[in-house]
Amino acid sequence: MSELVVYTARQIRTMEPSMPVAEAIAVRDGQIVGVGNLESLKPWLEQERHTIDDRFSGDVLMPGFIDPHLHPSMAARLLTMEFATAVEWDLPWAEIGAVSTRTDFLDALNKFAADGPDDEPLFIYGHHPRWHGDVDRELLNSINRQRPIVVWHRGYHSIIVNDACYQWMGLDMDSARRHPQIDLERGAFFENGLFVANRHFVPHSLEPSRFRLGLERARDVIHAGGHTTICDAAFPMYDLELEWAALEETIGGSEVPFRTEFMPYAVNTEGMAPGDDDQQRVDLVQQIQSHRERNGHRLTFGNHVKMLADGGFFAELMRLNPPGYLDGHDGEWITPPEQFEATARVLWNAGFQIHVHCTGDEGVELALATLEKLQWERPRFDHRFTFEHFGLSDAQQVRRIGRQGGVVSGQVYYLYELSDVFGRTSIGHERASQMTRLGTVEREGIPFALHSDFTMAPAKPLHNAWIATNRINESGELVAPNERVSLDAAMRAITIDAAFILNKEAEIGSLRWGKKADFTVLNEDPWDVGIEGLRDISIKGTVFEGTPYLL
Amino acid sequence: MRPARPRIPVTVIGGYLGAGKTSLINRLLTESSSERLGVLVNDFGEINIDDALIAERGVNTISLSNGCVCCTIRDSIGSALDEILKIRPLLDHVIIEASGVAHPAKVALYGQGWPGCSLNAVVVAVDASTIRTQSNDRFVGSLCLEQIRQADLLALTHLDLLADSQTELLFDWLNQHSNSATLDARALSIPFLLGLENTSSFDDLPLKTNNFLTSHIAYAFANSKDHLWSILDDLPIQILRLKGFVNIDGSKYLIQRVGSRSSVEATDLNGDGLVAIWPADSCDSQQVTEVLEQLHSRCDPPPTSVV
Ligand SMILES: [Zn+2]
């Protein structure tokens, strides 16, 4: 047996209501032996060989942060691009300030373009006309005629390219000219036109060494956010075996400072049909469970399964209860409601923990109505049916979620970035201001977590906690203050309640005897700085299973 | 710049779950004789092809002895389309089965600009016996109506389950919700969607179930493309198909209309004249002929040779 290591700290926040604060924590073989102070730990210290490690004596320790919903493989594609965005992204491998004027943006483009060889395509992420003005093909040509340049819009839904990029892509100009969502003159590709471009880009970004570089960067971003546990909330994203091999190599190794739980898709096509037979049901269950054979120390598949209700929030494809969008367009279902129910029934009866991506209030309604039906048919206790994202909802739905035993994993970045613009241009102020209704969720006593859905939002748990407790959006407006959550609930939502949603609360999420020795090291105590200061706290590093990984 | 390659016409078949997309596709696949069809479907499970017709069965592809190929859409429509476009010799026609919750107009974008493709039509299958109830469904009512609105051609399935009076009510209801022509799905065939090469005759078309009327003019002329479009716009919406050649200022144009979607493109194909087809009980010949006659009114002699 190894010797005990006792970490002392200025303050330890245990997230255990019975003993919320402590000063010292004794660890052996990656596990917590005891929490308290040097005095109360004496019975252990007198009996065992130990060292006192006071490197954190000026710092604050919390249980390692948990993000129960993000996408490393998606992040890998983004993170091999150069960044020029109006908001700051402190990326561990590069100092990137906010690029918020046209001049700065053009300077950044010129610098990036001059930085590499002409045969290396250049991908730049973060263009936003509001800050950077218009960018078109001719402008990119004037920056560099030889090097293929691709400028991605901040919202991921369009790109601008130069002539050299047309060459590199081997674009079929004749077809592209006919495409309603490609503008060859401007060099613009959007929506379906983007699929045409991605046909050339995806193989490039998934080329093994590049994809691995991206995953290594995703690993560093996740560490820098203070995480010790994450959940990859949609597996597989690309080719299953290639993706798995790259994941094992980059975030599966014994030097990686966090563990990853995987949430496999229920199905990658339309799912079960109402009339499907027993064999198809058995196959579906086996297909999901078969992933467990891959389980290792860092990467594991538990009892989770992912389902999809309605379309993306940023793309305004969530389904709305009446009245719909201001412009009259319709949101989309990802899974046909009948198949959603038929698939959910199979998963429910097989005992899975079902996580439903539902973004609009009609998407929430489908998930909720399905849950109610399944509870009636075959009641289950503690099933932790999870409403993921939870962009729009109403208070009555929240109460029903509570009565059915559902839990919520909320995306608060929606309200930070979109409540203002969606209020004006998409769904009206009332509904927009009440995005991610977590105050009601807390009042109804429903456990909830906060997630980043990285790369949809930065992987920064304290920033999410700041949004959830303050509800101040990007424009500085306070939106639906009654939906703010308490500081305690927000901190639980990135630790013990996030662990609950991953069904791992017995092992992680708080600091007490027997749990994994996972800590996040902070320079300030969240309860000292209060809700206003949460996002300014800096992460000094983490301890994963007893081993420090300082930043 | 590369020379333009031949583009394969793409037809999208949309419609909600249970609308009858799969049985329609099954039939098109197995009936096809002269045309080699490529079909992208969401799930093989539904596709039900007689073993005797199957030449080769792969994990994601089934090849038929009549030259048709059926592929599953796994990652994306785009990659499945790329696979099927690689087949040599080129297929004659590609059909994409839109998912039950897709907006067919969005899937149609693959026909409009995907490398190697051109859009033929958006056909939306509608279950005549359930659509009116479905259109009131809590979750999918608005989607079903949207799908109907996006159709160039509505293919009605299960019409046989309706009494005549119900059929009439259904057509009134459809007229309120869509601007497209409607036909019995059993009359939809590949020659119908693609063919009409022989513009003077429909004898080879399997139009068994409905009584159809046709109108034919031997030579067609227009003063300008705008003039041509204005005439096309005047045609009653019940016209199911229109195909043929129109001369404008000595150049020849190929006109294609499937349901409410028309295209006019310069062509060097040989051919003359125009033909239109519509269900007999939907509008009278007089109305159609009057419109088409406008294309016949210029009394230039027919060109003696065609370049
Ligand atoms: Zn997600």
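Residues numbered from 1 in each chain as written. Chains lettered and ligands numbered in written order. Predicted model: local features only at pLDDT ≥ 70, side-chain atom pairs only at ≥ 80, totals over all residues. Heavy atoms only, no water.

A. Main features of the packing of helix H2 (residues 72-79) of chain A against helix H9 (residues 208-224) of chain A. Residues and elements named next belong to chain A. Where H2 contacts H9, the axes come no closer than 7 Å and their chain directions differ by 110°. Looking at the two axes, H2 sits roughly perpendicular to H9. Here Pro72, Ser73, Ala75, Ala76 and Leu79 of H2 come into contact with H9, specifically with Phe211, Gly214, Leu215, Arg217, Ala218 and Val221. Along the lines of polarity and charge, the residues of the contact of H2 with H9 split into eight nonpolar, two polar and one charged. (Axes fitted to C-alpha atoms, helices over the stretch in contact; angles between N-to-C directions. Helix = DSSP H or I, 4+ residues; strand = E, 2+ residues; numbered from the N terminus. Parallel < 35°, antiparallel > 145°, perpendicular 65-115°, else oblique. Contact = heavy atoms within 4.5 Å. Nonpolar A, V, L, I, M, F, W, Y, C, P; charged D, E, K, R; others polar.)

B. Summary view of the packing of aromatic side chains. Summed over the entire model, instances satisfying the criterion amount to 24 aromatic pairs over all chains. With a centroid separation of 5.6 Å and 40° between ring planes, the pair formed by Tyr7 of chain A and Phe56 of chain A is classed as tilted. Of this pair, Tyr7 of chain A sits in strand S1 (residues 4-13) while Phe56 of chain A sits in the loop between strand S4 (50-53) and strand S5 (60-63), and the two are 49 residues apart along the sequence. Per residue, the accessibility class of Tyr7 of chain A equals that of Phe56 of chain A, and both read buried. A centroid spacing of 6.3 Å and a plane angle of 20° characterise the contact between Phe195 of chain A and Tyr110 of chain B, whose relative ring orientation is stacked. Note that Phe195 of chain A is positioned in helix H8 (residues 192-205) and Tyr110 of chain B in helix H3 (residues 104-113), a pairing that runs across two chains. Residue Tyr110 of chain B is classed as buried on the basis of its relative accessible area of 6%. Taken together, Phe235, Trp244, Phe262 and Phe301 of chain A form an aromatic cluster joined through their ring pairs. Over the ring of Trp348 of chain A we find Arg380 of chain A; its NZ or CZ atom is 4.6 Å from the centre of that ring. Here the guanidinium or amino end of Lys252 of chain B rests over the ring plane of Phe245 of chain B, the centre of that ring lying 5.7 Å away. (Phe/Tyr/Trp six-rings, centres within 6.5 Å; stacked < 30°, edge-to-face > 60°. Buried < 20%, exposed > 50% of the residue type's maximum accessible area, 1.4 Å probe, protein only. Lys NZ or Arg CZ within 6 Å of the ring centre and 35° of its normal.)

C. Here's a closer look at the domain arrangement of chain B. Residues and elements named next belong to chain B. Domain annotation of chain B identifies domain 1 (8-179) and domain 2 (209-306). Using only C-alpha atoms to locate each centre, domain 1 and domain 2 end up separated by 27 Å. Listed by partner, the interface residues are eight residues for domain 1 and six residues for domain 2. For the pair domain 1 and domain 2, the two sides together bury roughly 730 Å², of which 53% comes from carbon and sulfur. It is Asp152, Leu153 and Asn179 in domain 1 that bury the most area against domain 2; as a group they hold 58% of the surface buried on that side. The interface formed by domain 1 and domain 2 includes one salt bridge. In this structure, Arg261 engages Asp152 in a salt bridge whose closest nitrogen and oxygen atoms are separated by 2.7 Å. (Domains from an automatic or database assignment. Buried area = accessible area lost by both parts, 1.4 Å probe. Salt bridge = Lys/Arg side-chain N within 4 Å of Asp/Glu carboxyl O.)

D. The arrangement of the pattern of salt bridges in detail. According to the stated counting rule, one finds 44 salt bridges over all chains in the structure shown. Between Asp174 of chain A and Arg7 of chain B there is a salt bridge, with the nearest N and O atoms lying 2.5 Å from each other. Placement of the pair is Asp174 of chain A in helix H7 (residues 173-178) and Arg7 of chain B in the segment before strand S1 (8-14), with the two residues belonging to separate chains. Here the salt bridges do not stand alone but share partners, grouping Arg137, Glu138, Asp163 and Glu185 of chain A into one network.

E. Layout of the packing of helix H12 (residues 337-349) of chain A against helix H13 (residues 361-377) of chain A. Residue and element names in this part refer to chain A. Relative orientation of the contacting elements H12 and H13 amounts to 45°, with a least axis distance of 10 Å. When the interaxial angle is binned, H12 and H13 end up oblique. As for how H12 packs across H13, the hand of that crossing is right-handed. Residue-level inspection shows Pro337, Phe340, Glu341, Ala344, Arg345 and Trp348 of H12 in contact with H13, the latter providing Leu366, Ala367, Thr370, Leu371, Lys373, Leu374, Gln375 and Glu377. Counted by class, the contact of H12 with H13 contains eight nonpolar, two polar and four charged residues. (Left-handed = near helix turned anticlockwise from the far one by under 90°.)

F. Quick look at the coordination of the zinc ion. Residues and elements named next belong to chain A. Only His69 (NE2), His71 (NE2) and Asp453 (OD) from the protein coordinate the zinc ion, and they sit 2.1 to 2.3 Å from it. Mapping the donors of the zinc ion onto the primary sequence gives the spacing H-x1-H-x381-D. The exposure class assigned to His71 is buried, which follows from its relative accessible area of 6%. (Donors = N, O, S within 2.8 Å, 3.2 Å for Na, K, Ca; no water.)

G. How the structure looks around the pairing of strand S21 (residues 519-522) of chain A. Residues and elements named next belong to chain A. Side chains of S21 alternate between two faces, with Phe519 and Val521 and Thr520 and Leu522 buried alike. One ladder, built from four bridges, connects S21 with strand S22 (residues 539-544); its direction is antiparallel. When the sheet's bridge partners are listed, Phe519 is paired in S22 with Val543. (Pairing = 2+ DSSP bridges.)

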